[in-house]
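What follows is each chain in one-letter form.
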Amino acid sequence: YINSMEEVLVDALPYIDQEYDDPIFREAALQLIEEEAKQYRPTKNYLEYLPTTKTQFESPLLKVEMERLVARQPMETLSMKRYELPQPGAAQKNDVGAWLECVNNSVAQLEHQSGRIINLELLSQYGSNEWKIHNEELSRMLDRETALLRSIKNEIQEVNWLRKTEQTQIGTQLSDLSHHWTTLVHKNFEIEKACVQIKAELQQQLTEKR
């Protein structure tokens, strides 16, 4: 909990506290949770009291795509029209302009395929080495991340061992102090009992003298 000085006091010692498995304490904890849940009545939009935020998109394309998702509209299929080589229609058989457009489209497609062949040849000649270099870089990245993960796990283990050691030591001190407190309470009870008995005897003696 947080005291009046805004200092956090950790009053749980999970390595030595054994009450968690006690059915009585567990039932009491569940009852507290149930009572707290009764006071919380969530609405359909329980965040309505918060101010609305203005969504920022990195590009208009992303905005359009998000609007499509919100509207639950299907994604447009990939157009293959640019790869087609249609000839002029029956009404344009004698149209020179239509034939020139088809020829230009065929030249563009030819150049595109030529570029693809060049890329494939380059990939065949240099691709294997590039992939080897890429795989080696991935392997180095994996080694670095694995070493980092191992280091973090070791740090977590050290923290857990430190917590367990400290809590075990504190648990021993708490046990000794609890036993000492019980002893003192018992002694105080015996002293109080003796005082009451002596007081009663004195009262009886005074009564007899009268």
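Our subject is the structure listed above.
What counts and what doesn't
- Residues numbered from 1 in each chain as written.
- Predicted model: local features only at pLDDT ≥ 70, side-chain atom pairs only at ≥ 80, totals over all residues.
- Heavy atoms only, no water.
- Patch = residues over 30% accessible without salt bridge, like charges linked within 9 Å, V, L, I, M, F, W, Y side chains within 5 Å.
- Areas by Shrake-Rupley, 256 points an atom, 1.4 Å probe, with all protein chains shown as cover.
- Salt bridge = Lys/Arg side-chain N within 4 Å of Asp/Glu carboxyl O.
- Helix = DSSP H or I, 4+ residues; strand = E, 2+ residues; numbered from the N terminus.
- Buried < 20%, exposed > 50% of the residue type's maximum accessible area, 1.4 Å probe, protein only.

**Student:** If you had to explain a nonpolar patch on the surface to someone new, which residues and values would you point to?
**Tutor:** Where nonpolar side chains cluster on the molecular surface, the patch consists of Tyr40, Tyr46, Leu47, Tyr49 and Leu50 and spans about 600 Å² of accessible area. Residue position: leucine 50 is located in the loop between α1 (23-38) and α2 (60-70). You can call leucine 50 partly exposed: its relative accessible area is 41%.

**Student:** Hey, could you go over the pattern of salt bridges for me, with residue numbers and the actual values?
**Tutor:** In a structure, side chains of opposite charge can pair up when their charged atoms sit close to one another. Applying the stated criterion across every chain, the model contains three salt bridges. Two residues, glutamate 137 and arginine 140, come together in a salt bridge whose shortest N-O distance is 2.7 Å. Taken together, the residues glutamate 137 and arginine 140, both in helix α3 (residues 96-209) and three residues apart, mark about one turn of the helix. Residue glutamate 137 pairs with arginine 144 through a salt bridge whose shortest N-O separation is 3.9 Å. For glutamate 137, a relative accessible area of 31% gives the class partly exposed.

That's the geometry; what it means functionally is another story.
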